[in-house]
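Here is how the chains run, residue by residue.
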Amino acid sequence: MADLNPNKKTPTPTMIPIPSPSPSQFHSPSPAINSTPLTPKSPFITRVMTPLASPMKKAMASMQGYLEFTKLNPHDEWLPITESRNGNAFYAAFHTLSSGIGIQALVLPLAFTALGWSVQYIPNFHTHTSPNLLTKIKNHFHQVLCIGCEFKNLILEHNKVWGIISLSTFFVWQMYTLWLLIQLHESSSGVRYSRYLWLSMVTFGEKLGKLMTLIPTIYLSSGTCITLIMIGGATSKLLFNTIVGNTWEDKNDTPLTMIEWYLVFTCLAVVLSQLPNLNSIAGVSLIGAVASVSYCTIIWIVSVIEGRPDGVLNAQPEKVSGISRVCDILNALGIVAFAFRGHNLVLEIQGTMPSSLKQPSRVPMWKGVKYSYSIIAMCLFPLAIGGYWAYGNLMPTTGGMLTALYKYHGQSTSKAILELTSILVIINCLTSFQIYAMPVFDNLELRYVTKMNGPCPWWVRAGSRVFFGVLAFFVAVALPFLPSLAGLIGGIALPITLAYPCFMWIVMKKPDQYSKMWWLNWILGCLGMTLSALLVFGAIWTIVTRGIEVHFFKPK
């Protein structure tokens, strides 16, 4: 295979003697490796004087074939994503959960305000006489069945559940493209593509692959880390106010400024980022997964039980011009698409697993993804539906349901529940920072490894991660309005999730022309690209006509 990594100068191929490694130790090359096999052909195969049907000779011939098409790349041993390949389905599930149920899920109800659903039939369960949360749960438990009955009426009599339909469609679509990426991780020639950018460059060519995926993948990694700093710092401030007894109106009355809260969170994230590789943060991802599932569940349950604030409307606005209505819908679809980011991490997570002819890495990877996304679905759908029912048109544009919980139920909700929710959000932001930053760390270390032809010393690795933390902190302070661009960013990154995997499958797997898979991937790929263009247009139109609050170096 031709040299596919533009950052690596083509080295002179050398023969590396390998003393019969086990299949799980075979590390496939990055696209940077020259096509000359690095594994010497064993002369032992041709000298074995056994019958042709001998089981020993068959086994050795099979191993010889595996050695011939599996090329070893020493650079993979030195990079944080692939230096450890002892991952499994559980590790994959932990990483996927931690990155899949991010803080972006809390703004899903905001998309429903434009997509709409009709909730006139669902009664308001707010009880003003309930002294505490446990009593409210008892008082409303028998009314849960009523929600199911009224929701049935909602579906049958009011065909306005576009928010739920859109969320379901995006979920199924992205599950299919996840499956495509997992299958494309290992090629028939034995090469494993452990980075999304490398697979794109192999598929579409070096220049076009970079042009299509470099900027979106950079944002989905480093941009997400910047957003996590903002949310983690703001939530730390909320936690402090809750502990000292400040109300929502007194939220700015703290001894530290917002910039200083950003700095506190960044320092914690940088310290935690010193763990060496992706497999080493599996325990961190497990903690983050538990935290994300917990705070999502707490927020939507408390929001529903506490009841709807006065003035909540779930009906769609009537006096809106046609173009504005269309752009609102497109912007909402961008928010939904943004909630399903994380495809840029799938190949990296799968790259941490061992692989052999009998046990390819796609088997445990797909098993872990299925388990994790089953849990993700059980979190996202109640959060979006319950959040929109509870807050409707009053849903804050910044912070989503977490902000709404503090703003509308901060006085009536138990202080312990508010503190626990904030702590869980902070923990999830810290753990998600690690997995989203790992591709950035990998890319930074690749520059050193390629130039020096050796592993990074500990001080280079630590220094590069501190440098990224400082850079992310600076951008978070300079551009604190980035979360307001969720719709625009979701539209730009949408092809990474929904379109490019379909085209990659067509180019790499070459299905029969006009077959079912050929038609399916062409249709989904073209539809994804068209939808991406429409979402970007809608988001820009919304920003231009309605504006956003832009304040440089003044985080609030």
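No experiment lies behind these values; they were computed from the predicted model shown.

(A) Local environment of the overall build of the chain. Of the regular secondary structure elements, the chain holds 19 helices and zero strands. Looking at the 556 residues of the chain, the share that counts as buried comes to 55%. Contacts spanning at least 24 positions in sequence make up 84% of the contacts within the chain whose residues lie at least 6 apart. Here the chain has roughly 24,800 Å² of accessible surface; of this, 68% comes from carbon and sulfur atoms.

(B) Structural context of a nonpolar patch on the surface. On the surface, Phe474, Val550, Phe552 and Phe553 cluster together into a nonpolar patch covering about 410 Å² of accessible area. With respect to the element layout, Val550 can be found in the segment after helix 19 (516-546). Judged by relative accessible area, Val550 falls into the partly exposed class, the value being 43%.

(C) Representation of the pattern of salt bridges. One pass over the structure, following the stated rule, counts eight salt bridges. The shortest N-O distance in the salt bridge between Glu83 and Arg461 comes to 3.5 Å. Of this pair, Glu83 sits in the loop between helix 2 (55-69) and helix 3 (89-100) while Arg461 sits in helix 17 (residues 458-478), and the two are 378 residues apart along the sequence. Taking relative accessible area as the criterion, Glu83 reaches 23% and is therefore assigned partly exposed.

(D) View of the packing of helix 7 (residues 162-184) against helix 18 (residues 486-509). At a minimum axis distance of 9 Å, the contact between helix 7 and helix 18 shows a crossing angle of 40 degrees. In terms of orientation, helix 7 lies oblique with respect to helix 18. Considering only the axes of helix 7 and helix 18, their crossing is left-handed. Residues Phe170, Trp173, Gln174, Tyr176, Thr177, Trp179, Leu180, Leu181, Gln183 and Leu184 of helix 7 lie in contact with helix 18, whose contacting residues are Leu494, Thr497, Leu498, Pro501, Cys502, Met504, Trp505, Met508 and Lys509. Along the lines of polarity and charge, the residues of the contact of helix 7 with helix 18 split into 14 nonpolar, four polar and one charged.

(E) A look at the side chain of His185. Locating His185 in the fold gives a position in the loop between helix 7 and helix 8 (196-204). According to the relative accessible area criterion, His185 is buried, its value standing at 0%. Once residues within four sequence positions are removed from consideration, His185 is found in contact with Val191, Arg192, Tyr193, Ser194, Leu347, Gln350, Gly351 and Ser361.

(F) Structural detail: the packing of helix 10 (residues 258-272) against helix 16 (residues 415-452). For the pair helix 10 and helix 16, interaxial distance at closest approach is 9 Å and the crossing angle is 50 degrees. In terms of orientation, helix 10 lies oblique with respect to helix 16. Once helix 10 is placed against helix 16, the crossing between them reads as right-handed. Judged by residue contacts, Phe265, Leu268, Ala269 and Leu272 of helix 10 engage Ile426, Cys429, Leu430, Phe433 and Gln434 from helix 16.

(G) Region of interest: the state of the cysteines. Under the defined criterion, the tally for this structure stands at zero disulfides. Counting only cysteine sulfurs, Cys526 is the nearest neighbor of Cys502, a cysteine outside any disulfide, at a range of 9.4 Å.

(H) Seen up close, unusual backbone geometry. The phi dihedral of Tyr514 is positive, around 70 degrees, even though this residue is not glycine. Structurally, Tyr514 is set in the loop between helix 18 and helix 19. For Tyr514, a relative accessible area of 54% puts it in the exposed group. Look at Phe553: it is not a glycine, yet its phi comes out positive at around 55 degrees. By secondary structure assignment, the location of Phe553 is in the segment after helix 19.

(I) Main features of the environment of Val369. The topology assignment puts Val369 in helix 14 (residues 362-391). Distance from Val369 to Ala92, taken between C-alpha atoms, is 6.8 Å for residues 277 residues apart in sequence.

(J) How the structure looks around helix 11 (residues 282-306). Under the 1.5 Å per step criterion, the end-to-end length of helix 11 is 36 Å for 25 residues, consistent within 8% with the ideal 36 Å. Just beyond helix 11, the residue with positive phi is Gly307, at close to 95 degrees.

(K) Geometry of the packing of aromatic side chains. Throughout the structure, instances matching the rule amount to 19 aromatic pairs. With 6.2 Å between their ring centres and 40 degrees between their planes, Phe537 and Trp541 make a pair best called tilted. Residue Phe537 and its partner Trp541 are both found in helix 19; the two are separated by four residues, about one turn of the helix. Following the ring pairs from residue to residue traces out a cluster consisting of Phe503, Tyr514, Trp518, Trp519 and Trp522.

(L) Inspection of the side chain of Asn521 at higher detail. Inspection of the secondary structure assignment puts Asn521 in helix 19. Here the side chain of Asn521 touches Tyr176 through a polar contact of 3.0 Å, side chain to side chain. A distance of 2.7 Å separates a polar side-chain atom of Asn521 from the backbone oxygen of Met517. For Asn521, the residues in contact, after removing those within four places along its chain, are Tyr176, Leu180, Cys502, Trp505 and Ile506.

(M) Structural detail: helix 4 (residues 108-115). Judged by how many residues are buried, helix 4 sits mostly within the fold: seven of eight residues are covered. When helix 4 is considered as a whole, its buried residues turn out to be Leu108, Pro109, Leu110, Ala111, Phe112, Ala114 and Leu115.

(N) Geometry of the confidence of the model for the chain. Residues of the chain with pLDDT of at least 70 account for 76%, and the chain-wide mean is 79. The low-confidence segment residues 1-72 (pLDDT under 50) makes 115 contacts with residues lying over four places distant or belonging to another chain. Taken together, the stretch residues 140-160 has pLDDT below 50 and engages in 23 contacts with residues farther than four places along the chain or on a different chain.

(O) Representation of the environment of Val270 in the model. Secondary-structure assignment places Val270 in helix 10. On the basis of relative accessibility, which here comes to 12%, the residue Val270 falls in the buried class. When the C-alpha positions of Val270 and Leu430 are compared, they lie 9.3 Å apart, and in sequence the two are 160 residues distant. Sequence-distant contacts of Val270, defined by excluding residues within four places in its chain, comprise Arg465, Val466 and Gly469.

(P) Expanded view of the environment of Leu471. The topology assignment puts Leu471 in helix 17. Placed 245 residues apart in sequence, Leu471 and Ile226 show a C-alpha to C-alpha distance of 9.0 Å.

Conventions adopted
- Here the residue numbers are simple positions, counted from 1 along each chain's written sequence.
- Totals for whole chains, interfaces and linings use every residue, but because this is a predicted model, local features are given only for residues with pLDDT of at least 70 and side-chain atom pairs only at 80 or more, for both listing and counting.
- Computation of side-chain values: all heavy atoms of the structure, hydrogens and water removed.
- Put simply, DSSP H or I for four residues or longer makes a helix, DSSP E for two residues or longer makes a strand, and each gets a number counted from the N terminus.
- We call a residue buried when its accessible area falls under 20% of the maximum for its residue type, exposed when it is over 50%, and partly exposed in between, using a 1.4 Å probe and counting protein chains only.
- In what follows, a contact means two residues having at least one pair of non-hydrogen atoms within 4.5 Å.
- Where accessible areas are quoted, they stem from the Shrake-Rupley method and a 1.4 Å probe; at the residue level, only the protein chains shown are allowed to cover.
- For patches, a residue must show more than 30% relative accessible area and have no salt bridge; joins then use 9 Å for like charges and 5 Å for nonpolar side chains, namely Val, Leu, Ile, Met, Phe, Trp and Tyr.
- We count a salt bridge whenever a side-chain nitrogen from Lys or Arg sits within 4 Å of a carboxyl oxygen from Asp or Glu.
- To get an axis, a line is fitted to the C-alpha atoms, and for a helix only the part in contact is used. The angle between two axes follows their N-to-C directions and goes from 0 to 180 degrees.
- Note that the term roughly parallel is reserved for angles under 35 degrees, roughly antiparallel for angles over 145, roughly perpendicular for angles of 65 to 115, and oblique for everything else.
- For any helix crossing, the convention is left-handed if the near helix is rotated counterclockwise from the far helix by under a right angle, and right-handed if that rotation is clockwise.
- The residue classification treats Ala, Val, Leu, Ile, Met, Phe, Trp, Tyr, Cys and Pro as nonpolar and Asp, Glu, Lys and Arg as charged. All others, Gly included, are polar.
- Here, a disulfide means two cysteine sulfur atoms that sit within 2.5 Å of each other.
- For a helix, the expected span equals 1.5 Å multiplied by the number of residues minus one.
- For this analysis, a ring pair means two rings from Phe, Tyr or Trp (six-membered ring only for Trp) whose centres lie within 6.5 Å, classed as stacked if their planes differ by under 30 degrees, edge-to-face if by over 60, and tilted for the remaining angles.
- Here a polar contact is taken to be a pair of N or O atoms separated by no more than 3.5 Å, where protein atoms must pair a possible hydrogen donor with a possible acceptor and residues adjacent in sequence count only if both atoms sit in side chains.
- For every residue, the predictor states its confidence as a pLDDT score lying anywhere from 0 to 100.

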